[in-house]
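Spelled out, the chains give:
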Amino acid sequence: MMKSPWDAETVKLTVTKHFALKYMRTWDWDFHDLRDAIRDAYAVEKAGNEKYEIYVQKSGFKKIITVYYSDDNELVCITGSEGGKRI
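Rules behind the numbers
- Residues numbered from 1 in each chain as written.
- Predicted model: local features only at pLDDT ≥ 70, side-chain atom pairs only at ≥ 80, totals over all residues.
- Heavy atoms only, no water.
- Pairing = 2+ DSSP bridges.
- Helix = DSSP H or I, 4+ residues; strand = E, 2+ residues; numbered from the N terminus.
- Axes fitted to C-alpha atoms, helices over the stretch in contact; angles between N-to-C directions.
- Contact = heavy atoms within 4.5 Å.
- Core = buried A, V, L, I, M, F, W, Y, C linked by side-chain atoms within 4.5 Å.
- Buried < 20%, exposed > 50% of the residue type's maximum accessible area, 1.4 Å probe, protein only.
- Arc of directions from axis to C-beta.
- Polar contact = N/O pair within 3.5 Å; in protein donor to acceptor, adjacent residues only side chain to side chain.

A. Spotlight on the sheet that holds strand β2 (residues 43-46). Spatially, β1-β5-β4-β3-β2 is the arrangement adopted by the five strands of the open sheet, whose pairing is mixed. Each edge of the open sheet carries a strand with a single partner, namely β1 (12-15) and β2. Averaged over all pairs of adjacent strands, the angle between their axes in this sheet comes to 30°, without regard to strand direction. Strand direction decides the pairing type here: β2 and strand β3 (residues 51-57), joined by four bridges, are antiparallel. Residue pairing for β3: Lys-46 is matched across the bridge by Tyr-52. Here helix α1 (residues 17-27) sits on the sheet in contact with β1, β4 (61-69) and β5 (74-82), set at roughly 55° to β5.

Given below as structure tokens:
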């Protein structure tokens, strides 16, 4: 578990079409819900050079796979999953 390298209040949030249609729609989330979930994440794990897995508990347990571009202060949500237990 690590501290996220971005500030959840100021990072630019972007989502892929896949994430928007498959996860945000299913979870009935908008960008406010997404920002709240990222801010209140209980775990962040680095999964590559710029790739992170964000674990959240908002209407159940969810994992959001993201890429963080530090030069642009942009967090791109690529995909997600739900279910499971808190790590």
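Here the narrative resumes.
B. Layout of the nonpolar core. Membership of the largest hydrophobic core comes to 21 residues, with the highest contact counts inside it found for Trp-6, Phe-19, Leu-34, Ile-38, Ile-54, Ile-64 and Leu-75. Listing elements by their share of this core, those giving two or more residues are β1, α1, α2 (31-39), β3, β4 and β5. The element that contributes the greatest number of residues to this core is α1, accounting for four residues. Apart from residues lying up to four places away in sequence, Leu-34 is in contact with Leu-13, Val-15, Phe-19, Met-24, Trp-29, Ile-64 and Cys-77.

C. Quick look at α2. Burial in α2 covers these residues: Leu-34, Ala-37 and Ile-38. Buried positions in α2, seen along its axis, are confined to an arc of 95° and lie on one side of it. Buried residues along α2 sit against β1, α1, β3, β4 and β5. By the N-cap criterion, in which a side-chain oxygen at the helix start approaches the backbone nitrogen of a residue two or three places on, α2 is capped by Asp-30, the distance to His-32 being 3.0 Å.

D. Seen up close, the pairing of β1. Burial along β1 is one-sided: the residues Leu-13 and Val-15 are buried and none of Lys-12 and Thr-14 is. Bridge analysis of β1 against β5 gives four bridges, and the strand direction is parallel. Bridge pairing in β5 links Leu-13 to Leu-75.

E. Quick peek at the environment of Pro-5. Within the element layout of this structure, Pro-5 appears in the segment before β1. When its relative accessible area of 41% is taken as the criterion, Pro-5 is described as partly exposed. Remark: the alpha-carbon pair of Pro-5 and Ser-70, spanning 65 residues in sequence, is separated by 8.2 Å. Setting aside anything within four residues of it in sequence, one finds Pro-5 in contact with Tyr-52 and Tyr-68.

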